[in-house]
Amino acid sequence: MKVAIFPGTFDPLTLGHLDLIKRGRALFDQLAVAVMTNSTKHPLFSVEERVAQIKAVTAEMSNVSVITASGLTVDLMNKIGADYLMRGLRNTTDFQYERDIATMNKFLDRDVETIFFLADPKYQHLSSSLLKEVAINDGDISAYLPGTISTALDKRLEERKLKLVTKQNEQTKSK
Ligand code: ADP
């Protein structure tokens, strides 16, 4: 049985990620999407929120599971019996970064095979961070996110704005 893992931050999952999941699940018998908890990035959504979002979006995909992970990806792969590690390539910057990680993972475990998917040209300019940047400035990026995630992003940014306004009001009062 061919078992693959697709690790990432997914803060949040975009249609670019979802395209890879669909292509990966057609190639592998089982695909585990792993939300990595040891990212150095400051996420907008908690790990639990991201797992729930991805689970909802992939609910109909019978061979896709969603898990959380910290530590080395190769250790997680051994734990769940995965031999293939899926990653996406959007550009040469991705390539250089991903090549080093794939080479290191091969060094750590010779049995791990990294499989790269070229990003669909429709999505190759997309990253979660770019989408968040545009959304924070009120740009409409809903065309690039699954509907439920787009709604969750709007809600989270609205909550953040309210928090900021409340904080500013409190600061003004205390002056
Ligand atoms: P990480 O922090 O591990 O890079 P990301 O959530 O940013 O996590 O990305 C996870 C994987 O998905 C990476 O391999 C990345 O190259 C790929 N990816 C991200 N956006 C896209 C996209 N628009 N099209 C195809 N692959 C993508």
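Refer to the structure presented above.
What you see is a predicted model; the values in this text were computed from it and never measured.

Chemist: Just checking my understanding: could you explain a nonpolar patch on the surface for this structure?
Modeler: On the surface, Leu72, Met104, Phe107 and Leu108 cluster together into a nonpolar patch covering about 430 Å² of accessible area. With respect to the secondary-structure elements, Phe107 resides in helix α4 (residues 92–108).

Chemist: In this structure, what is going on with unusual backbone geometry? I would like to understand it.
Modeler: Trans is the prevailing form of peptide bonds, just as negative phi is the prevailing case for residues other than glycine. Residue Pro12 is reached from Asp11 by a cis peptide bond, and omega for that bond is 0°. Structurally, Pro12 can be placed in the loop between β1 (3–8) and α1 (15–27). The phi dihedral of Phe10 falls on the positive side, at around 50°, and the residue is not glycine. Since its relative accessible area comes to 3%, Phe10 is described here as buried. The backbone of Asp138 sits at a positive phi, close to 70°, despite the residue not being glycine.

Chemist: How should the side chain of Asp94 be read in this particular structure?
Modeler: Here Asp94 shows up in helix α4. According to the relative accessible area criterion, Asp94 is buried, its value standing at 10%. Once residues lying within four places of it in the same chain are set aside, the contact partners of Asp94 are Gly88 and Leu89.

Reading the values: rules and limits
- Residues numbered from 1 in each chain as written.
- Predicted model: local features only at pLDDT ≥ 70, side-chain atom pairs only at ≥ 80, totals over all residues.
- Heavy atoms only, no water.
- Patch = residues over 30% accessible without salt bridge, like charges linked within 9 Å, V, L, I, M, F, W, Y side chains within 5 Å.
- Areas by Shrake-Rupley, 256 points an atom, 1.4 Å probe, with all protein chains shown as cover.
- Salt bridge = Lys/Arg side-chain N within 4 Å of Asp/Glu carboxyl O.
- Helix = DSSP H or I, 4+ residues; strand = E, 2+ residues; numbered from the N terminus.
- Buried < 20%, exposed > 50% of the residue type's maximum accessible area, 1.4 Å probe, protein only.
- Contact = heavy atoms within 4.5 Å.

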